[in-house]
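Okay, here's what each chain looks like letter by letter:
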Amino acid sequence: MDERQENARPRPASGWDKRVFALVVLAVLGAWISLTLTGYHLSEGQSSSGVFKAVCEMSGGGCNQVLQSPWSMLPRRIPTAFAGLVYFSALALWYLLIGLPRRSGRGWYAPVFVLHLLGALISLLLIGVMAFQMKALCGWCVLVHLINFAMFALAWKLWPRGTRSAGPADQPSWPPARLGVVSLLLMVGLGIYWNQWLVNKYILEEAGHISGDTDLMRYIHLRAEPVDIPLRPDDPVKGPIKGTTAKHTVVIFSDFQCPSCGLLTEFFEKEVVPLHGVDLRVVFKHFPLDKECNRKLPSSMHDHACEAAYAAEAARELGGSEAFWKMHDLLFEKKEDVADGRWAELGTAAGLDGAAVAERVAQKKHRDRVETDVDLGFTLKLTGTPSVYIDGRPLENWTKPELWTAILTTPDSSAAPAAQAPAPAATPAAAQ
């Protein structure tokens, strides 16, 4: 069948044929390779898989040289491969939505064909740079450029030419104007999405580097301006009381229904107390993520958190700080009892009058006290729980034992103004 006969055949109504399918497959493959190369840059070469390394070795082992050259990066530290990711993704989306070009309506294909042409020229330039300037080849880069050339050849072949490619006289224009506009806008939107993805990846990677650097995290912590956290004389306290050997005050804003708060409790007892317990005074503050006592929340995250806080405060009223911390541990351990509202059983397990605990929870006797802590949390602009302060400075990453050690053993950390330490209550049933 000659070209005249082929062009005279009716085009599929959907705009699809095997050549369009090939373009989509090639574009998706090019996007995947570009994404892999982008990941290589973001991880500084640490994300390369066995397949990645095998292809590099087959091509002469020049991947590292090419991917670490100035040509591999665009301005503002954007990987050149990321531009390929946006390019191939946009073309895949176009051919998925539009398919086969027709002479009638081919103006919509002009910007896409120009994009193909520019891509082919850039591929030709980069291959020339590898071959003649660097004298090294990256197998993945060569493969993605060959894919790009193949796509340009198909796009050239599919471009409607002359009147012979118009098809039957009654063949409708394709694509419709609305579809053409929507497709171009979606391509732009896809580019914006990938740009935001890259920004987020850089932020996450940078955050990972920062959080992994103990000295830098300690420096950032000590540079923070300490805030004044008012402490009541009868706040629940664990550790040395005022006048003894405590060098640091740790204030914890917590929620008894928060899984991370439970993890903090375990971490603190296992990792921090054995090393630094003698130097620490720990003060508990409530910040339940429950609208019952935290009315500024848009919605409740933990439905029983306020009741659990009331139970802890009932224990403090009836037995002082020691009873509070017993109830504190029980509330994190016995989640089913909390969900079922078994306050009397929990009170008894804490060594208290269970009926008295249950009565105080039912009456919401300590709601005002819990809400005072919640208001303090909003004043400090807490974003969630747990939130930890050491000597008035927020601790951004409490999961690293070495960071606790670095902060607590630095002489300057204890020199910062600490919160007013609560004095021991005169009786177990201190101010309510």
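Remember, it's a predicted structure, so these values are computed and weren't measured experimentally.

Asker: Explain the overall build of the protein residue by residue, including any values.
Answerer: The helix and strand inventory of the protein stands at 17 helices and 7 strands. A burial count over the protein gives 46% of its 432 residues as buried. In the protein, of all internal contacts separated by at least 6 residues, the share reaching a separation of at least 24 is 79%. Summed over its atoms, the accessible surface of the protein is roughly 21,800 Å², and 60% of this surface lies on carbon and sulfur atoms.

Asker: Can you tell me about the packing of aromatic side chains, naming the residues and giving the values?
Answerer: Taken as a whole and assessed by the stated rule, the structure comprises 14 aromatic pairs. Their ring planes at 90° and their centres at 5.5 Å tell us that Trp 94 and Tyr 109 sit as a pair that is edge-to-face. Highlighted residues: Trp 94 in helix H5 (residues 80-97) and Tyr 109 in the loop between H5 and helix H6 (110-134), separated in sequence by 15 residues. For Trp 94, a relative accessible area of 0% corresponds to the buried category. The exposure class of Tyr 109 is buried, given its relative accessible area of 3%. Between the aromatic rings of Phe 268 and Trp 404, the centroid separation amounts to 5.6 Å while the plane-to-plane angle is 75°, which identifies the pairing as edge-to-face. Taken as a pair, Phe 268 in helix H10 (residues 259-276) and Trp 404 in helix H16 (residues 401-408) lie far apart in primary sequence, 136 residues in all. Residue classification places Phe 268 among the buried residues on the basis of a relative accessible area of 6%. Each residue in the set Phe 256, Phe 284, Phe 324, Trp 325 and Phe 332 is aromatic and connected to the rest through ring pairs, giving one cluster.

Asker: So what's going on with the state of the cysteines? Residues and values would help.
Answerer: The tally for this structure, following the rule as stated, stands at 1 disulfide. Disulfide pairing is shown between Cys 293 and Cys 306; the S-S distance is 1.9 Å. Between Cys 293 and Cys 306, the S-S torsion sits near -90°, and that sign places the bridge as left-handed. Highlighted residues: Cys 293 in the loop between strand S5 (280-286) and helix H11 (305-333) and Cys 306 in helix H11, separated in sequence by 13 residues. Note on accessibility: Cys 293 and Cys 306 belong to one class, buried.

Criteria and cut-off values
- Residues numbered from 1 in each chain as written.
- Predicted model: local features only at pLDDT ≥ 70, side-chain atom pairs only at ≥ 80, totals over all residues.
- Heavy atoms only, no water.
- Helix = DSSP H or I, 4+ residues; strand = E, 2+ residues; numbered from the N terminus.
- Buried < 20%, exposed > 50% of the residue type's maximum accessible area, 1.4 Å probe, protein only.
- Contact = heavy atoms within 4.5 Å.
- Areas by Shrake-Rupley, 256 points an atom, 1.4 Å probe, with all protein chains shown as cover.
- Phe/Tyr/Trp six-rings, centres within 6.5 Å; stacked < 30°, edge-to-face > 60°.
- Disulfide = S-S within 2.5 Å.

So, to be careful, I would describe these as geometric facts and stop short of saying anything about function.
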